[in-house]
Amino acid sequence: MSKRIPLDVVDDQGNSFYVSERKVYPRDVSGRFNRLRVAAVVWLLGMFYLFPWLKWDGRQAVLFDLPARKFYVFGLAFWPQDFLFLALLLIIAAFALFFFTALAGRLWCGYACPQTVWTEVFLWMERWTEGDRPKRMKLDAGPWNREKILRKGAKHALWLAFALWTGFTFVGFFTPIRDLGARMFPFELGGWETFWVFFYALATWGNAGFLREQVCKYMCPYARFQSAMFDRNTLLIAYDPMRGEPRGPRKRGLGSVLERARGLLDPKTAYDYVFRASAHPTAADNRAQARGTITLAGVGQKPEPLPKFAPEELGDCIDCTICVQVCPTGIDIRNGLQYECIACGACIDACDEVMGKMGYPRGLIRYATQNGIDGKPTRVLRPRILVYGLVLLGLCAAWAWGVANRSELIVEVLRDRNALYRQLGDDGVANDYTLKLVNKSQQEQRYRISLETDAPLRLAGAGEVAAGPEQVVPVAVSVVADEGIPAGRHELRFVVESIDGSERRIIDSSFFGPVQ
């Protein structure tokens, strides 16, 4: 063990493992995917901020009442006994994630993830107060002056107000929100309510305002294991290097490679150009400050820079880097699939707009499978998609059927713990029970209690009982054995059924007599 192990200091090679994150300045973009993303933001945030204020049957439409151990979701009320449905709902969410990821990549991340949704809103407020990408970059690089203070102050004031509103709404799902609002002025919130309002507001402000893409890259595990659900037939946002390479600026008037004699490159040459371009970024790439994971070759390989191509040899990519500028995680999609990509589609909208201005066909960056990009046969509807879809459909149907057909009556039988049996004056024997009837429905119900047994036993006590909406009613009953009851234990069943016959529950129990 005397042999020395050579050490190499990573910093000496210019590849430190610890690199401070540069701020990403996403450029505004318009297009069909941006409209879809805006619609998703409005819909999802609309549900979040509106649902607590809606009324349903005289109560808050969506309320998770933890002290009462009841969850209200519009016309449905879930009790602790309905925990099975929550577990099934989580399984459905997991299979939905598998299904949509295997089908079309990170759709959840790009359109429905709370981090994406709130970050999008915070970016809107940032653009309103500081301007689009060039103005924000210039403002941050400039000295502190009156304009910078006013713009930064206005931005953070909007962020803070929106974050506090978010925290208030979050707590409003667990405490009746109208009562919560009435206690805001004067400030009479409880300690835990105050804590959660400010905690959730701070989390929203920090995650959507400052951390942003770093949450997706370093904190969210989904980006790390998503590749296990991808295959070459998964729909991804991909750049077509056979059409786009070699990239470079050109004058207008040069037609697309689809219209020129050059045609498409072979995949090997195209991917070689991509790798060499990523290793030797142009001045435009450096200005765009793209970053991300590039896994096109092994560590230590240093390819030769690309030669200068004649205009007729260029591909359709004009190297404008707008696809990089609009990316919320700051990566260059032309370098291939990267775990930082959240599949928001902003680069597709940006590239389509540029292609339209150049007179080229759209789709240089598009939703496609890797097989489709490489010119190989592709199958979007493949066995794993069908299996995931059928399992997901079956689980959703089972959940819906279970919720629609669940019993609105819960019955529990508790024996008297003080005495095994009671001796009556006429040589009879009695056992005492407490029946807990839970009416889970939203209407008052009347229930009939009866006894089924093969032994000579009779029920003494309430034969009918009324229970209000969502009321728990304890009912004390006795089971009496007159003279001649055999000794020992006897099986019996309590039958509780509603007067209208809609609910019926049978609970097994036991009757004990004297041991002779």
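None of these values were measured; they are calculated from a predicted model.

A. Fine view of the packing of aromatic side chains. Considering all chains together, one arrives at 30 aromatic pairs under this definition. Note on tryptophan 56 and phenylalanine 74: the rings are 5.4 Å apart at their centroids and 80° apart in plane angle, and the pair reads as edge-to-face. Here tryptophan 56, found in strand β1 (residues 55-56), pairs with phenylalanine 74, found in the loop between β4 (70-73) and β5 (76-78); they are 18 residues apart in sequence, far enough to count as distant. Note on tryptophan 56: relative accessible area 37%, which makes it partly exposed. Phenylalanine 74 sits in the partly exposed class, given a relative accessible area of 23%. In this structure, lysine 148 is placed above the aromatic ring of tryptophan 144, and the distance from its NZ or CZ to the ring centre is 4.6 Å. Across from the ring centre of phenylalanine 78, 4.7 Å away, lies the NZ or CZ of arginine 406, which sits over that ring.

B. Up close: the side chain of asparagine 233. Mapped onto the elements of the fold, asparagine 233 is located in the loop between α10 (222-225) and β6 (236-239). A polar contact is formed between the side chain of asparagine 233 and the side chain of threonine 378, at a distance of 3.0 Å. One polar contact links the side chain of asparagine 233 to the main-chain amide nitrogen of arginine 379, over a distance of 3.1 Å.

C. Just the sheet that holds strand β11 (residues 445-452), in detail. Strand order in this open sheet of four strands is β13-β11-β15-β16, and the pairing throughout is antiparallel. Each edge of the open sheet is held by one strand with a lone partner, namely β13 (464-467) and β16 (504-512). Looking at each pair of strands side by side, their axes are set apart by 30° on average, direction ignored. Where strand β15 (residues 489-498) lies against β16, nine bridges are found, and the strand directions are antiparallel. Bridge pairing links phenylalanine 494 to isoleucine 507 in β16.

D. Molecular detail of helix α1 (residues 32-50). Given a rise of 1.5 Å per residue, 19 residues ought to cover 27 Å, and the 26 Å separating the end C-alpha atoms of α1 matches this to within 8%. Buried within α1 are the following residues: Phe33, Asn34, Arg37, Ala40, Val41, Leu45, Phe48 and Tyr49. Viewed along the axis of α1, the buried residues span an arc of 140°, placing them on a single side of the element. Seen from the open side of α1, the exposed residues pointing more than 90 degrees away from its buried face are Arg35, Val42 and Trp43.

E. Seen up close, the sheet that holds β4. One open sheet accounts for three strands, arranged β3-β4-β5; its pairing is antiparallel. Edge positions in the sheet fall to β3 (62-65) and β5, since each has one partner strand and no second. Here the strands of the sheet are splayed against their neighbours by 10° on average, with no regard to which way each runs. In terms of strand pairing, β3 meets β4 through four bridges, oriented antiparallel. Residue pairing across strands places valine 62 opposite valine 73, the latter belonging to β4.

Cut-offs applied
Residues numbered from 1 in each chain as written. Predicted model: local features only at pLDDT ≥ 70, side-chain atom pairs only at ≥ 80, totals over all residues. Heavy atoms only, no water. Phe/Tyr/Trp six-rings, centres within 6.5 Å; stacked < 30°, edge-to-face > 60°. Helix = DSSP H or I, 4+ residues; strand = E, 2+ residues; numbered from the N terminus. Buried < 20%, exposed > 50% of the residue type's maximum accessible area, 1.4 Å probe, protein only. Lys NZ or Arg CZ within 6 Å of the ring centre and 35° of its normal. Polar contact = N/O pair within 3.5 Å; in protein donor to acceptor, adjacent residues only side chain to side chain. Pairing = 2+ DSSP bridges. Axes fitted to C-alpha atoms, helices over the stretch in contact; angles between N-to-C directions. Expected span 1.5 Å × (residues − 1). Arc of directions from axis to C-beta.

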